[in-house]
Amino acid sequence: MPVPLTLNQAKEVIARANRMIANEGVLDAFGHVTMRHPTDPNRYLMSRSRGPELVQPEDIQEFTLDSQIIKPIEARLYGERVIHGEIYKARPEVNAVCHHHAPSILPFCISGMELKPVYHLGATLGPAVPFWDSRDDFGDTTLIVAKPEEGASLAKALGPNWIVLMRRHGATVAGTSLEELTFRTIYTARNAAMQIEAHNLGHVSPLTAAETELAGEYNLRPGPVARAWEYWSVRLDKAEGTWSGAKPKVGASKRKAAAKKPAAKKSAPKKKKSKRTR
Ligand SMILES: [Zn+2]
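Residues numbered from 1 in each chain as written. Predicted model: local features only at pLDDT ≥ 70, side-chain atom pairs only at ≥ 80, totals over all residues. Heavy atoms only, no water.

Draft legend 1. Summary view of the overall build of the protein. Summing up its helical and strand segments, the protein has nine helices and seven strands in all. Scored against the burial criterion, the 278 residues of the protein give a buried share of 46%. Look at the contacts in the protein between residues 6 or more apart in sequence, and 68% of them connect residues 24 or more apart. Of the roughly 15300 Å² of accessible surface on the protein, a fraction of 55% belongs to carbon and sulfur atoms. (Helix = DSSP H or I, 4+ residues; strand = E, 2+ residues; numbered from the N terminus. Buried < 20%, exposed > 50% of the residue type's maximum accessible area, 1.4 Å probe, protein only. Contact = heavy atoms within 4.5 Å. Areas by Shrake-Rupley, 256 points an atom, 1.4 Å probe, with all protein chains shown as cover.)

Right, dumping it as structure tokens:
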């Protein structure tokens with residue numbers, strides 16, 4: 001999955017990912033989505049403190065991996081920045097992180113019941129979902145992960161996996177790209193809901209280890225990831241009242257008109273617009 005070419009494009013997509021995941025009910029007033037800086041791997045991009053559903057490109061700030069803001073601002077910053085910074089430090093292949101308190105995930109964080117892939121799209125959970133108990137390293141706390149050592153402890157618990165449950169708090173999800181992260185975040189929250197519902201019906205067995213690996217790889221091919229991104233993106237546009245998909249696309253009608261014209265003039269072939277990562 002190509003990385004956005006410019007910082008401005010990155011700000012646009014990270015703001016959109018915040019709103020998309022909120023629109024799907026995974027994030028609410030709290031939680032955050034970040035991505036590694038598109039050209040400087042020692043920085044990441046994160047909104048100023050506000051509900052993810054409200055995040056706009058101009059809210060996005062740059063942070064060092066020690067979670068210090070590059071250009072200080074008056075507005076409040078998120079308290080749990082170290083969750084992101086410490087994971088980017090520990091996992092060079094991770095380019096996007098989401099921390100959330102989704103209602104479907106919380107029962108697992110409260111009960112300690114294992115979260116397991118129970119259907120094909122849930123396979124993006126990966127083979128193991130570690131459980132981080134902040135009391136192991138820090139005893140009684142506010143449960144908010146705000147100190148660098150707390151972030152580092154969480155990143156250590158995540159290890160080589162893609163999602164870590166946080167006792168009585170929520171989950172943190174990682175991805176190699178923003179699109180992959182969005183896919184994993186939404187479908188792992190759905191998997192959690194399915195697991196609970198299926199459990200209410202009776203015995204639930206997870207996918208086998210081989211199924212998890214095969215389905216996980218299948219789901220994360222560029223095609224399915226792009227299809228899901230477009231779907232959630234259009235749902236967001238509809239929710240925000242900005243969807244124009246029902247109208248004919250400008251590009252398509254231009255092509256149609258051009259096809260009708262007699263080929264009198266031979267014009268130079270137009271340069272193809274570079275494809276945005278959406
Ligand atoms: Zn939190």
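Draft legend 2. Highlighting the nonpolar core. Core analysis: the largest hydrophobic core is formed by 64 residues, its most contacted members being Val33, Ile105, Leu115, Leu165 and Leu178. For this core, the element with the highest residue contribution is helix H1 (residues 7-23), accounting for eight residues. Beyond its immediate chain neighbours, meaning those up to four positions away, Val33 contacts Ile14, Ala17, Asn18, Ile21, Leu27, Leu45, Val97, Cys98, Leu178 and Leu181. (Core = buried A, V, L, I, M, F, W, Y, C linked by side-chain atoms within 4.5 Å.)

Draft legend 3. Looking closely at the coordination of the zinc ion. For the zinc ion, the full set of protein donor atoms is Glu80 (OE), His99 (NE2), His101 (NE2) and His169 (NE2), at a range of 2.0 to 2.3 Å. Classification of the site at the zinc ion rests on its four donor atoms, whose angles at the metal span 86 to 144 degrees, yielding the label irregular. Here the donor residues of the zinc ion are spaced in sequence according to E-x18-H-x1-H-x67-H. Classification of His99 as buried rests on a relative accessible area of 0%. (Donors = N, O, S within 2.8 Å, 3.2 Å for Na, K, Ca; no water. Tetrahedral: all angles 85-135°; square planar, octahedral: opposite > 155°, others 65-115°.)

Draft legend 4. Inspection of the side chain of His169 at higher detail. With respect to the helices and strands, His169 occurs in the loop between strand E6 (163-166) and strand E7 (170-175). A polar atom in the side chain of His169 sits 3.2 Å from the side chain of His101. (Polar contact = N/O pair within 3.5 Å; in protein donor to acceptor, adjacent residues only side chain to side chain.)

Draft legend 5. Quick peek at empty space enclosed by the protein. According to the stated counting rule, one finds one cavity of 30 Å³ or more in the structure shown. In this structure, the largest cavity spans a volume of roughly 70 Å³. In terms of lining residues, the largest cavity is bounded by Trp132, Ser134, Phe138, Thr141, Leu143, Ile144, Val145, Glu150, Met166, Arg167 and His169. When grouped by side-chain class, the residues that make up the lining of the largest cavity number six nonpolar, three polar and two charged. (1 Å grid on protein atoms, 1.4 Å probe; cavity = no way out; pocket = protein on both sides within 12 Å on 5 of 7 lines; lining within 4 Å. Points joined across faces, edges and corners; volume = space filled by probe spheres on them. Nonpolar A, V, L, I, M, F, W, Y, C, P; charged D, E, K, R; others polar.)

Draft legend 6. Main features of the sheet that holds strand E5 (residues 131-132). With mixed pairing, the seven strands of this open sheet are ordered in space as E3-E2-E1-E4-E7-E6-E5. A single partner strand is all that each edge strand has here, and the edge strands are strand E3 (60-64) and E5. Bridge count between strand E4 (residues 96-100) and E7: five bridges; the pairing is antiparallel. Bridged to Val97 within E7 is Ala174. Against the sheet, helix H2 (residues 81-90) engages strand E1 (32-36), strand E2 (43-47), E3, E4, E6 and E7, with an angle of about 145 degrees to E4. (Pairing = 2+ DSSP bridges. Axes fitted to C-alpha atoms, helices over the stretch in contact; angles between N-to-C directions.)

Draft legend 7. Region of interest: helix H5 (residues 148-158). Buried residues of H5: Glu150, Gly151, Ser153, Leu154, Ala155 and Leu158, and no others. Summarising the contacts, the buried residues of H5 are in contact with H2, E5, helix H4 (135-138), E6 and E7.

Draft legend 8. Spatial organisation of the packing of aromatic side chains. Inspection of every chain in the model, using the stated rule, returns five aromatic pairs. Where Phe183 meets Trp232, the ring centres are 6.3 Å apart and the plane angle is 70 degrees; that geometry is what we call edge-to-face. Highlighted residues: Phe183 in helix H6 (residues 178-201) and Trp232 in helix H8 (residues 222-240), separated in sequence by 49 residues. Judged by its relative accessible area of 2%, Phe183 is buried. By relative accessible area, which is 1% here, Trp232 ends up buried. (Phe/Tyr/Trp six-rings, centres within 6.5 Å; stacked < 30°, edge-to-face > 60°.)

Draft legend 9. Molecular detail of the side chain of Asn161. Among the secondary structure elements, Asn161 is positioned in the loop between H5 and E6. On the basis of relative accessibility, which here comes to 15%, the residue Asn161 falls in the buried class. Within the local environment of Asn161, its side chain forms a polar contact with the backbone oxygen of Leu158, the two atoms lying 3.0 Å apart.

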